[in-house]
Amino acid sequence: MSLLVVGLSHRSAPVSVLERAALSADAQIKLLQDTVAAEPAAEAAVLATCNRIELYADVDKFHAGVAELSTLLAQHSGVGLEELTPYLYVHYEDRAVHHLFSVACGLDSMVVGEGQILGQIKDALAQAQELHTAGRLLNDLFQQSLRVGKRAHSETGIDRAGQSLVTFGLEQLAAGAAVEQWVRGKKALVIGAGSMSSLAAATLARAGVAEVVIANRTYDRAERLAGILSEGDDTDVLARAVPMESVPVELTRADVVVSCTGATGLVLSAEAVATAVEGRTGEPTAGLGDDPRTTAHGTDVPETPLPPTSVGAEEGCPLDLTAVQAGFSVMGEAAVAGMDAATLEQHAAWAAGSAVDRREAARRSPEADAELIGALAATVATVGRIPERRRPEPVAEIPRPQPVLFLLDLAMPRDIDAAVHRLAGVRLVDIESLAEASADAPMVADVDQVRRIVSDEVAAFGAAQRAAHITPTVVALRTMAADVVASEIARLEGRLPGLDDKHRAEITQTVRRVVDKLLHAPTVRVKQLAAEPGGAGYADALRTLFDLDQETVASVSRAEDSTEKNRGPA
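Every value quoted in this text rests on a predicted model; they were computed, and no experiment measured them. Sequence order as written defines the numbering, with residues in each chain counted from 1. Owing to the predicted nature of the model, reporting of local features is limited to residues with pLDDT of at least 70; listing and counting of side-chain atom pairs is limited to 80 or more, with chain, interface and lining totals taken over all residues. Hydrogens are left out, water is left out, and the side-chain values use all remaining heavy atoms of the structure.

(A) Layout of the pairing of strand β9 (residues 405–409). Relative accessible area decides the class of each residue, using a 1.4 Å probe on protein chains only: under 20% of the type maximum gives buried, over 50% gives exposed, and in between gives partly exposed. Secondary structure elements are taken from DSSP: a helix is a run of H or I of four residues or more, a strand is a run of E of two residues or more, and numbering for both begins at the N terminus. When you tally the buried positions in β9, you get five out of five residues, the bulk of the element. Side chains Leu405, Leu407 and Asp409 of β9 all project onto a buried face; the interleaved residues Phe406 and Leu408 project onto the opposite face, where all are buried too. At least two bridges found by DSSP between two strands is the condition for calling them paired. Relative to strand β10 (residues 426–429), β9 is paired through four bridges, and the arrangement is parallel. Counterpart to Leu405 in the pairing with β10 is Val426.

(B) Geometry of helix α22 (residues 537–545). Of all the positions in α22, only Ala539, Leu542 and Arg543 are classed as buried. One face of α22 carries all of its buried residues, which in axial projection span an arc of 100°. Those residues of α22 that are exposed and angled more than 90 degrees off the buried face are Thr544 and Leu545. In the stretch just after α22, Asp547 is the one whose phi turns positive, near 50°. Working definition: the arc comes from the directions between the helix axis and the C-beta atoms, pointing outward to the latter.

(C) Region of the structure containing the sheet that holds β10. Here six strands make up an open sheet; going across it, the order is β7-β6-β5-β8-β9-β10 and the pairing parallel. In this open sheet, the two edge strands, each paired with only one partner strand, are β7 (238–243) and β10. When the angles between neighbouring strand axes are averaged without regard to direction, this sheet yields 15°. Any two residues whose heavy atoms approach within 4.5 Å are treated as being in contact. An axis is simply a line fitted to the C-alpha atoms; with a helix, the fit covers only the stretch in contact. Between two such axes, the angle follows the N-to-C directions and lies from 0 to 180 degrees. Along the sheet face, helix α11 (residues 195–207) touches β5 (187–191), β6 (211–216) and β8 (256–259) and points at about 170° away from the line of β5.

(D) Representation of the packing of aromatic side chains. To pair, rings of Phe, Tyr and Trp, with the six-membered ring standing in for Trp, must have centres within 6.5 Å; the planes then decide the type, stacked if under 30 degrees apart, edge-to-face if over 60, and tilted in the middle. Counting across every chain of the model gives four aromatic pairs. For the pair Tyr56 and Phe142, a centre-to-centre distance of 5.3 Å together with 80° between the ring planes defines the contact as edge-to-face. With Tyr56 in strand β3 (residues 52–59) and Phe142 in helix α7 (residues 136–155), this residue pair connects regions lying 86 residues apart in the sequence. This pair shows no difference in class: Tyr56 is buried, exactly as Phe142 is. Relative to Phe461, the ring of Phe101 lies with its centre 5.9 Å away and its plane at 80°, an arrangement referred to as edge-to-face. With Phe101 in helix α5 (residues 94–104) and Phe461 in helix α20 (residues 444–495), this pair connects stretches of sequence that are 360 residues apart. The same class applies to Phe101 and to Phe461, which are both buried.

(E) Local environment of the sheet that holds strand β1 (residues 2–9). Reading across the sheet, the four strands line up as β2-β3-β1-β4 and stay open at both edges, with antiparallel pairing between neighbours. On the outer flanks of this sheet lie β2 (41–49) and β4 (89–92), each paired with one strand and no other. On average, each strand axis in the sheet is inclined to that of its neighbour by 15°, with strand direction left out of account. Bridging between β1 and β4 involves four bridges; their strand directions are antiparallel. Bridge assignment links Leu4 to a residue of β4, and that residue is Tyr92.

(F) Here's a closer look at the nonpolar core. The nonpolar core is taken to be a set of buried Ala, Val, Leu, Ile, Met, Phe, Trp, Tyr and Cys residues, with the residues joined through side-chain atoms within 4.5 Å. Ranked by size, the top nonpolar core spans 69 residues in total, and within it Leu8, Leu84, Leu165, Ile214, Leu229 and Leu410 carry the most contacts. No other element matches α11, which puts seven residues into this core. Those residues in contact with Leu165, other than ones at most four positions away along the chain, are Cys50, Asn51, Met110, Val111, Met196, Leu410, Ile431 and Leu434. Val5, Ala104, Val148 and Ile453 belong to the second-largest nonpolar core, a separate cluster that totals 35 residues.

Below you can see the structure in the form of structure tokens.
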């Protein structure tokens, strides 16, 4: 059997695809059950976070395993296989181990070095153990990945290289200000009571917000989280729980909102956010209409006076001047927005030649050209540059008011309507904007050190797995030797019926010592050789040399796997 992982993440797929492929808790359970029921897979685990969906399995056939796991991911995510396939990646054997260890260390995270992924890996392992889909391989793999991740964080400065998505998201909302100073005294609303929402609530409380309100569909969970925050020794924050129905009212009171639920649809619409902002400011909220000077409810906002325009004064311009918005120069960028290719080409040709009358230029003599060139050269010598004959007129931008409501959406699929980005008085940071803002190599030395740790741990894990692979064969060999000793002692007793117990015990012990000494060197050596790359064949050689029963070896393996699968959550 061999380790295979098929998945997609923020590195391979756009956020829109990740959002549609997100797996609910029930879908994850069904995916695991269907995977181990499929022919190529014996074990399975799902690692599903806000920016990755990965299916790990122990398979006996590579190509059949890839096809089966890809099909299952498509079926349970609801995204068609043809659409999903271009975004999937596949890792096999040591590359699969390397991938998970890198993920555990935060090297593959949207924010490099973030430590929250360790908790998500632990949850994935606990789920597989609870459903009895994790056997010896995946138990060993996920537990070792947790140890590798902890080692990376304790032995390097990778913690300095990144933070959790919550911290990074708050930093983006603060727009360069220190988070502790920015949130101090603000009121926060946290929607959801899962692990990410709990982390957000705790982070806000430690940073110094004045109040944290927890809203959740299951009120008891919200109340429990609020109690933990209120009773915490490291925070002094007012925390309370509210039902989800109270969110619209709480939006009018909150300064900062963090949402991370498991909902499949939107939790906050753009209209709800606009209404909340209007409730805070008493002013209509601009941004949802097609015209930036129109409010969310279609009410005109008084126009800001714009500078004079040159529209209508340009002869020969191919633009339909009646369609150009007042305040734009036909020479400026705004004038050509939305043109078709042919008109744009005509406009470019016209703009490039409109500074000089072409008919007049055709009548000019070489002497006139020389005079013009001389005048330009003299100007260059005086001012250091050729003056522009025509310059686009400035386009006045409608001022955007300072945000009064800050929203952080950490859910996948998203909780908050992306149209909120267009609302005046609101700042929204979501998974997509976090992906654009994150830097992948903030601390090169620490990242390189973690990569070396991962490489060393992958080699050690591979050696341990290869050595473990031969263990059932060694156990079968020693079992056969013990059976031979027992058979020969029984035959000796038949020949020497008068043998007393003392001598019988001494003879038995001597024969066992002889057999153990004969087997010790070859079994130790074969484990060493099997741990090396390409050492898988030594188990076959041992079975052949000692004529071991394949079924006996297989029964030992099945017993070990059964023990691992029935193990409770770690």
